[in-house]
There are 2 protein chains.
Amino acid sequence: MSKNDTRYKILIAAADIVQTDGILDLTLEAAAEKAGVSKGGLLYHFPSKDALIEGMVEFLMKNYAESIKMGAEQDLSQTGKWTRAFIKETFLQSTSNRSMDAGLMAAAAINPNLLKPVQDAYEEWQNHIEHDGLDPILATVLRLAVDGLWFSEIFGLAPLEDNRRKLVLERLIQLTQDNEE
Amino acid sequence: MSKNDTRYKILIAAADIVQTDGILDLTLEAAAEKAGVSKGGLLYHFPSKDALIEGMVEFLMKNYAESIKMGAEQDLSQTGKWTRAFIKETFLQSTSNRSMDAGLMAAAAINPNLLKPVQDAYEEWQNHIEHDGLDPILATVLRLAVDGLWFSEIFGLAPLEDNRRKLVLERLIQLTQDNEE
DNA sequence: GACAAAAAACCGTCTAGACGGTACAGTAAA
DNA sequence: TTTACTGTACCGTCTAGACGGTTTTTTGTC
């Protein structure tokens, strides 16, 4: 069992707890037990609870940020490529990878400072989106709609059923294609 | 001091704590002290912490739901009135009344079941918005954008600066006015 | 409208348990 | 010999909730 395997197992376990039982049930002991590691073992990898949350946030941001960048680079059309990448990747992530939410919520609850990396990433994306060859207000609306979808799924606030979700995605993409500045 | 006054004071105090110090600092004692009530007094009104959160959620939903309904009723144009009311009221609430966030976050953190009333209200609004005389996909996009704005402000994820925020609001409203089904 | 009884509103202390974190001795593998 | 743990014991602090007591308000009765 390599160092990274155990770390990974702990992060997944922690995300799982947040997701199913709520933030308040995320304790070091509970996370350790769920990961099949002793409390000492957990503290070996994450010397404090803040460090654990930090790890969760890092973990969630890593793939996400890279995917968006890659999506933008591979887009054949220059106009609106960042906005499209952001839309597509968020739609994808929020179906497949619910542990995203867990890290975010845990950080917000336990230590808002830990949200910094997410905030920084968003600033960058927002900047790209505003200078994407689209009408910046429209581009911003699209970005917000994507976040709204995520939000609605985190909190279960009238989340869209599958078909509608797909139609919304298509519409958002379409709106990036015929609204040049 | 009537029963309702004290209840109200406790709810405000609790929302205040969540808002300024974070969810984890919301304890019964802290809420009681801030409300100028003893812990026993607080427990008289809210027999458990869950009950307190429940009260917060109820409180936040009451005005919000009523405002949206009123906004829709007073709208001179039939087409898109619910969507417009939802947009306007959420923009307003999320500038003026941060206790929305507090209740929501507290519930999500402490006991996700307590989100039920919010979820129910959202189901209703989503239903209105989808049958508002607008293209339902567009209407849904607008709704999501509004939620996204709220979300971005709660977590500080590239929140819009004042002027852009205003322009986005105007654009959203405008989109409800020239997109009949 | 005086007054007692009852109910409602509220106080403040106490307790049992949980939690984050420390310390440390030991183990198994690389 | 270092890395990656296990396991246990422990400490200080915090907190939800219980509880018994006290004040204030309401209600019924004359």
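All values reported here derive from a predicted model rather than from experimental measurement.

Quick word on the domain arrangement of chain A
Residues and elements named next belong to chain A. Per the domain assignment, the segments making up chain A are domain 1 (1-47) and domain 2 (57-175). Its C-alpha centre places domain 1 at a distance of 27 Å from the equivalent point of domain 2. Tallying the contact residues gives eight residues for domain 1 and eight residues for domain 2. Linking domain 1 to domain 2 there are zero salt bridges. On the surface where domain 1 and domain 2 come into contact, there are zero residue pairs in polar contact (both at pLDDT 80 or more).

Quick word on the packing of helix 5 (residues 81-96) of chain B against helix 7 (residues 116-130) of chain B
Residue and element names in this part refer to chain B. Contact pair helix 5 / helix 7: the axes reach a minimum separation of 8 Å and the direction vectors enclose 135°. As far as their axial angle goes, helix 7 and helix 5 are oblique. Side by side, helix 5 and helix 7 meet where Trp82, Thr83 and Phe86 of the first sit next to Tyr122, Trp125, His128 and Ile129 of the second.

Brief notes about the packing of aromatic side chains
Under the defined criterion, the tally for this structure stands at 15 aromatic pairs over all chains. Ring geometry for tryptophan 150 of chain A against phenylalanine 151 of chain B: centres 5.2 Å apart, planes inclined by 65°, an arrangement best described as edge-to-face. Of this pair, tryptophan 150 of chain A sits in helix 8 (residues 136-155) while phenylalanine 151 of chain B sits in helix 8 (residues 136-155), which puts the two residues in different chains. Summarising the burial analysis for this pair, tryptophan 150 of chain A and phenylalanine 151 of chain B share the class buried. Each residue in the set Trp150, Phe151 and Phe155 of chain A together with Trp150, Phe151 and Phe155 of chain B is aromatic and connected to the rest through ring pairs, giving one cluster.

Focus on the pattern of salt bridges
Residues and elements named next belong to chain B. On inspection of all chains with the given rule, the structure shows 16 salt bridges over all chains. Ionic pairing is found between lysine 34 and aspartate 16, a salt bridge with its closest N-O pair at 3.6 Å. Of the two residues, lysine 34 sits in helix 2 (residues 28-35) while aspartate 16 sits in helix 1 (residues 3-21), which places them 18 residues apart along the sequence. With a relative accessible area of 46%, lysine 34 lands in the partly exposed category. Its relative accessible area of 29% is what places aspartate 16 among the partly exposed residues. The partner of glutamate 29 in a salt bridge is lysine 39, and the shortest N-O contact between them spans 3.9 Å.

Looking at the protein's contact with DNA strand D
By nearness alone, 15 residues border DNA strand D, and Ser38, Tyr44 and His45 of chain A together with Lys39 and Lys49 of chain B come closest of all. For DNA strand D, the backbone portion of the atoms within 4 Å of the protein, that is sugar and phosphate, comes to 62%. Side-chain polar atom of serine 38 of chain A to a phosphate oxygen of DNA strand D: 2.8 Å apart, as the coordinates give it. One of the backbone nitrogen or oxygen atoms of leucine 28 of chain B is found 3.1 Å away from a phosphate oxygen of DNA strand D. When residues of the surface near DNA strand D are traced back to their parent elements, those giving at least two are helix 1 (3-21) and helix 3 (39-45) of chain A together with helix 3 (39-45) of chain B.

Quick word on the nonpolar core
Burial of nonpolar side chains together is a common tendency in soluble globular proteins. Within the largest apolar cluster, 135 residues are counted, with the highest numbers of intra-cluster contacts made by Phe155 of chain A together with Phe155 of chain B. When near neighbours in sequence (up to four residues on either side) are disregarded, phenylalanine 155 of chain B contacts Leu104, Met105, Ala108, Leu115 and Gln119 of chain A together with Met105 of chain B.

Section: helix 7 (residues 116-130) of chain A
All names here are of chain A. Here helix 7 spans 21 Å end to end across 15 residues, near enough to the 21 Å set by a 1.5 Å rise per residue. Listing the buried residues of helix 7 in full gives Val118, Ala121, Tyr122, Trp125, Gln126 and Ile129. Projected onto a plane normal to the axis of helix 7, the buried residues spread over an arc of 135° and lie on a single side.

Remarks on the packing of helix 7 of chain A against helix 8 of chain A
For any two helices packed against each other, one specifies the crossing angle of their axes together with the interaxial distance. All names here are of chain A. Look at helix 7 against helix 8: their axes get within 8 Å of each other, and the N-to-C directions meet at 140°. Classed by the angle they form, the pair helix 7 and helix 8 counts as oblique. On helix 8, the residues that touch Tyr122, Gln126, Ile129 and Glu130 of helix 7 are Pro136, Ala139, Thr140, Arg143, Asp147 and Trp150. Residues of the contact of helix 7 with helix 8, tallied by class, amount to five nonpolar, two polar and three charged.

What counts and what doesn't
- Residues numbered from 1 in each chain as written.
- Chains lettered and ligands numbered in written order.
- Predicted model: local features only at pLDDT ≥ 70, side-chain atom pairs only at ≥ 80, totals over all residues.
- Heavy atoms only, no water.
- Domains from an automatic or database assignment.
- Contact = heavy atoms within 4.5 Å.
- Salt bridge = Lys/Arg side-chain N within 4 Å of Asp/Glu carboxyl O.
- Polar contact = N/O pair within 3.5 Å; in protein donor to acceptor, adjacent residues only side chain to side chain.
- Axes fitted to C-alpha atoms, helices over the stretch in contact; angles between N-to-C directions.
- Helix = DSSP H or I, 4+ residues; strand = E, 2+ residues; numbered from the N terminus.
- Parallel < 35°, antiparallel > 145°, perpendicular 65-115°, else oblique.
- Phe/Tyr/Trp six-rings, centres within 6.5 Å; stacked < 30°, edge-to-face > 60°.
- Buried < 20%, exposed > 50% of the residue type's maximum accessible area, 1.4 Å probe, protein only.
- Near = heavy atom within 4 Å.
- Core = buried A, V, L, I, M, F, W, Y, C linked by side-chain atoms within 4.5 Å.
- Expected span 1.5 Å × (residues − 1).
- Arc of directions from axis to C-beta.
- Nonpolar A, V, L, I, M, F, W, Y, C, P; charged D, E, K, R; others polar.

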